[in-house]
Structure formats: structure tokens, C-alpha cells
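The residues making up each chain are set out below.
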Number of protein chains: 2
Amino acid sequence: MTSLPLTEPLTRSVEDYLKAIYRLSRGSQPASTSDIAELLGLSAPSVSGMVRRLSELGLLEHVPYRGVVLTAAGRRVALRMIRRHRLIEAYLVGYLGYSWDTVHDEAERLEHAVSEALIERMALALGNPRFDPHGDPIPASDGSIDELVYTPLAEIPLGETAEIRRVDTSHAERLRFLEQAGLTPGTKVTVREHQPFRGPLTLRIGAAEQVIGHELAQQVLCIRPDPR
Amino acid sequence: MTSLPLTEPLTRSVEDYLKAIYRLSRGSQPASTSDIAELLGLSAPSVSGMVRRLSELGLLEHVPYRGVVLTAAGRRVALRMIRRHRLIEAYLVGYLGYSWDTVHDEAERLEHAVSEALIERMALALGNPRFDPHGDPIPASDGSIDELVYTPLAEIPLGETAEIRRVDTSHAERLRFLEQAGLTPGTKVTVREHQPFRGPLTLRIGAAEQVIGHELAQQVLCIRPDPR
DNA sequence: CAAAAAAATTAGGCAACACTAAATTGGCAC
DNA sequence: GTGCCAATTTAGTGTTGCCTAATTTTTTTG
């Protein structure tokens, strides 16, 4: 069975739902109505209604009261949106002087308006990058994506040096803090101290020391020099 | 009386209506319902309905059965959209390798999605251009625009040499023809022949000769070396 | 200037998407 | 295993923005 070309143009709303569901069902857990509502800032009944429509469109499968999983067609759309979003972010930072804490909102709107042709031109201008400014992988045009497995900075053992590869937040203030602290992809950090009970970590970054909270350190993803 | 800040975000539709009405009421003629419908590809009743809403929002004034004129607030919105559209066109041609016949559709979608900040960054990258690739003037951020008066190529007297400054169409095929014929802004052309009754013109462009129809020649706008 | 044609408006609907309030279902505690 | 709480769905509404059909107004024309 070949995948249907999916001719009808999708609305912004539909694209946002699919993207949200994709994010929520990584690990192939079904996404729950309330999680989707939470992520999109909508009421649960709105989500219920849209979920029915999307399942009628063949973009997802819905088991009532159980949750929602994307179909292949739905996943294709979601990955296309993620590709657009991340390439737009990369382009805005690379060519238009945006900082990594301000690109998200702009990309969030542009991703729905941009043509396939424009996306490919941006990709070309950037040299087909594989990661966006936050270190998030950019899906290829065929929908393939390499989700690498990283270790959260919060879980790096005391004394070890790790290299930051990805920052898993789009919250502007956090990103600004991280940048000012020097905690950006590509940087090497050593864990100097780590208070118990989800307490703060003290890091050495080059010559400087920096303290950050446990929660934030969960969102800073690293590779370890000798992985275990 | 100061101009109200107009806080509410406008929809794509509203922005398109205001842009269309602005275009139609140059020369300060009121725009008719059917002209708006024609330009936007909508039915007349749809336009009637939207016109009422827009007049309630204070964006235009409507005299029933007579037509529609933008208010200062409406004109401000229209000019902002036109600025966006033309800057986007200029940017896509200047930085992303678009040709002048393909930028229109892309800009038509992006103009609704782009932030003020992004527009200003594009303008900066381009060096605050005053004209887009078709020679259309780009309104300044304060809404000022210099609509220069040009002479259509169709009205240049026989034997005279004129310089093309602007091409008044967004029709892709026409633009492609004009480009291939060498009839782009900045080019000097001499009118060699002009058949009567809106017949074709024969032009000399550098060393080459080119015949174009009267209708198209109406859309190619020029300045005459010694105006009259 | 009256009748026909053209233009505009009103009336009545529909689809997408959001909401709140009310009903239903499922899982867990006891 | 019954009862309760949380999650979910259904019911009923509102807004935007489009449509067609019917009506009204304006313009044109013989």
C-alpha cells in the first residue's frame, strides 16, 4: 500500500496539532487529550473535536479515552513542519542576525507560510545543515531524522567533563541565561559539584565557574567523552 | 485627534481586503464591491459582509451602494502590508536566488506571517531599498511612499528612447516574457514602430529588436529623457 | 422616463475551530 | 467490588469568513 499524496492543503491548526502530537508520542506512547491541550494552550474539548477530524483525515489513530498515535501520513506532515521550523531558525540566526532566544516565535509563524521551494533554498544557502542553533536535528526532506541519544547535564557524574550538544527548551529567558553562562552547543563543561535532591550544579566552563539549577541542567544535553 | 494604536491583531483576510481596497482606490476613487470581489476572487456578498465588519472596525468608510474608502487607520495597515510584500520580494530576489516572476506568490503568503522585526532586518540587509525588483516603490516604515508618475511604454512617441523604471504586473508568464525580451527596469528602449488601434510596438533594445503587444506595453512604465 | 440590466445588499447556510457546561468512562483506593 | 476522582467526550454556542439564492437599489437604454 503506497502512501497517498495527501493533496488537500492543511490549516495552521492542523499542522500545529500534528507537530504537538509528534512531540508527545516520542517513545511511541500514545498522546493524551489533556497533554495535547496543555501543549497547545487549548481546552480539552477543542482537542477532542480536532482529534476526530484528524482521524477522519487519516492523519492519526484515536482510541477513545486512550489516546492518539500519528499515522505514517500524519508523521510525514509533522516531520515536514519540524524541518521547516528548524531550518527557518537556522536561517534567521545564520543570515539575519537573530539570536537563538528570539527565533522560535518567528519560526513558529513562518513555518506555516513558507513554500517547499523557499525551504529548500534556505537549506541550500546554509549547506544543508543537520542541526539547528539549539542542536535539534533537522529532518531531511524525505522525513528521515537522526535523534541522537544524549545525556542530560544533570546526569553527568561528578568530576566528569562533557560536551554540550543540544539545548532542549524554546523558553527565551532560559536560552538567554544559558548563552550568557556560556552553556551553548559545542562547549565543554566539567561538573564540579552537584547538591543532592535535585539541587544546583556547579560547573567549570573553561576558566569560569557557573552554578545552574537541576531542572535547567536536565534540558542541557551532552555527550560524555567515554560513554560509560 | 491622534490615530488610535489599533491593538487587535488583524486576520489574513482583513489584511488582504485592505491591500486590495488600497490598490483599487488609488486616485481616491471609492472602490466598488464588485471590483474588490474580482480582485480577491470572492463573491460580491462576501465582500459586502466583510466591508460592514471593516467599517465597524474603523478601517474604512462605506456608503451603501456607492463604494468604500479607507480611513487613515485602514491605509496605514494597507501600506504596512505593501511594505512587507515588496521588501520580501526584494529579499528573496537579492538573497535567495528567486526570479522576479516567482516571488509574488511567496511574498503573498509571507507578508502575513512575518514580524515587524524580521521585516526591518531584511530592509537593513538590503540597505533600505526604495524599490522592489519590479520597480514598485517600497513604503517607508512611517507609511510614506513616493508614487512616481511614469509614462506607459505604449504612450512613448515613435522614435523616442525611454528608460524602463517599473513593470506593473505580477503575472508570472508576462514577467518571464519581459525578462527574456530584456524589458526590465533600468533598460533603455527606443520605439521603432507602433501599429494603430492598440496594435503591437516594435522596440529597439540595445542591438536587438523586439515586438510586444499594446496591452503589455501599457504595463511597462518608463521615464522619458526630456519629459514632454 | 419606464423597463431592463447591472450592481449591491440581505437572508440563510456551512465549515473550521475555538469555548463552557454537562455527561460519561476508566482507574484506583479502600 | 464499589465509589470517587480525573480524564475524556458530548452537547450546545460563538466567531470568522466563505457561499448561493433572493431582494433591493442604481444605472443604462430604448
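One can find the structure itself at the top, above this paragraph.
What this report covers is the structure whose coordinates are included nearby. (Residues numbered from 1 in each chain as written. Chains lettered and ligands numbered in written order. Predicted model: local features only at pLDDT ≥ 70, side-chain atom pairs only at ≥ 80, totals over all residues.)

As a further point, take the overall build of chain A. Looking only at helices and strands, one finds eight helices and eight strands in chain A. Its C-alpha atoms give chain A a radius of gyration of 19 Å, within 12% of the compact-globule value 17 Å for 228 residues. Principal axes of the C-alpha set define a box for chain A whose edges measure 55 × 45 × 30 Å. Across the 228 residues of chain A, 32% fall into the buried class. Counting contacts in chain A only where the partners sit at least 6 residues apart, residues at least 24 apart contribute 56% of the total. (Helix = DSSP H or I, 4+ residues; strand = E, 2+ residues; numbered from the N terminus. Rg over C-alpha atoms; globule rule 2.2 N^0.38 Å. Buried ≥ 20, exposed ≤ 12 C-beta atoms within 10 Å, placed from the backbone. Contact = placed C-beta atoms within 7 Å.)

Before going further, it helps to examine the protein's contact with DNA strand C. Residues in close proximity to DNA strand C total 20 residues, the closest being Thr11 and Ser46 of chain A together with Ser32, Ser34 and Pro45 of chain B. Elements represented by at least two residues in the surface near DNA strand C include exactly helix H1 (12–24) and helix H3 (44–56) of chain A together with helix H2 (33–40) and helix H3 (44–56) of chain B. Among the elements that line the surface near DNA strand C, the one with the most residues is H3 of chain A, at five residues. For the surface near DNA strand C, the class distribution of residues is 10 nonpolar, nine polar and one charged. (Near = placed C-beta within 6 Å. Nonpolar A, V, L, I, M, F, W, Y, C, P; charged D, E, K, R; others polar.)

Moving on to the relation of the copies chain B and chain A. Under the fitted operation, chain B is carried onto chain A by 0.0 Å of movement along the axis and a turn of 180°, and the coordinates agree to an RMSD of 0.1 Å. One copy is carried onto the other by what is essentially a two-fold rotation axis. Interface residue correspondence from chain B to chain A reaches 100%, placing this contact among same-surface, isologous pairings. (Least-squares fit on C-alpha atoms with pLDDT ≥ 70 in both.)

All names here are of chain B. Taken in spatial order, the six strands of this open sheet run S3-S8-S4-S5-S6-S7, and their pairing is antiparallel. For this open sheet the edge positions go to strand S3 (151–152) and strand S7 (208–212), each flanked by a neighbour on one side alone. By the bridge criterion, four bridges tie strand S5 (residues 188–194) to strand S6 (residues 201–205) in an arrangement that is antiparallel. When the sheet's bridge partners are listed, Val191 is paired in S6 with Leu203. (Pairing = 2+ DSSP bridges.)

Attention now goes to the protein's contact with DNA strand D. By nearness alone, 20 residues border DNA strand D, and Ser32, Ser34 and Pro45 of chain A together with Thr11 and Ser46 of chain B come closest of all. For the surface near DNA strand D, the secondary-structure elements that each account for two or more residues are helix H2 (33–40) and H3 of chain A together with helix H1 (12–24) and H3 of chain B. When its residues are assigned to classes, the surface near DNA strand D shows 10 nonpolar, 10 polar and no charged.

The next thing to look at is the pairing of S7 of chain B. Residue and element names in this part refer to chain B. Relative to S7, S6 is paired through five bridges, and the arrangement is antiparallel. Paired with Thr202 across the bridge in S7 is Val211. Counted along the chain from S6 to the antiparallel partner S7, the turn is two residues long, and its residue Gly206 has a positive phi close to 60°.

Strand order across the open sheet formed by six strands is S3-S8-S4-S5-S6-S7 (chain A), with antiparallel pairing between neighbours. Unpaired on one side and paired on the other, strand S3 (151–152) and strand S7 (208–212) of chain A mark the two borders of the sheet.

Once that is clear, we can look at the interface of chain B and chain A. Contact with chain B, which involves 11 residues of that partner, is made by 11 residues of chain A. The set of elements that each furnish at least two residues to the side of chain B that touches chain A consists of helix H5 (103–110) and helix H6 (116–126) of chain B. Its residues assigned to classes, the side of chain B that touches chain A comprises five nonpolar, three polar and three charged.

The next subject is the packing of H2 of chain A against H3 of chain A. All names here are of chain A. It is the contact of H2 with H3, at a shortest axis distance of 8 Å, that shows an interaxial angle of 110°. Accordingly, the angle class assigned to the pair H2 and H3 is roughly perpendicular. Once H2 is placed against H3, the crossing between them reads as right-handed. On H3, the residues that touch Thr33, Ser34, Ile36 and Ala37 of H2 are Ala44, Val47, Ser48 and Val51. (Axes fitted to C-alpha atoms, helices over the stretch in contact; angles between N-to-C directions. Parallel < 35°, antiparallel > 145°, perpendicular 65-115°, else oblique. Left-handed = near helix turned anticlockwise from the far one by under 90°.)

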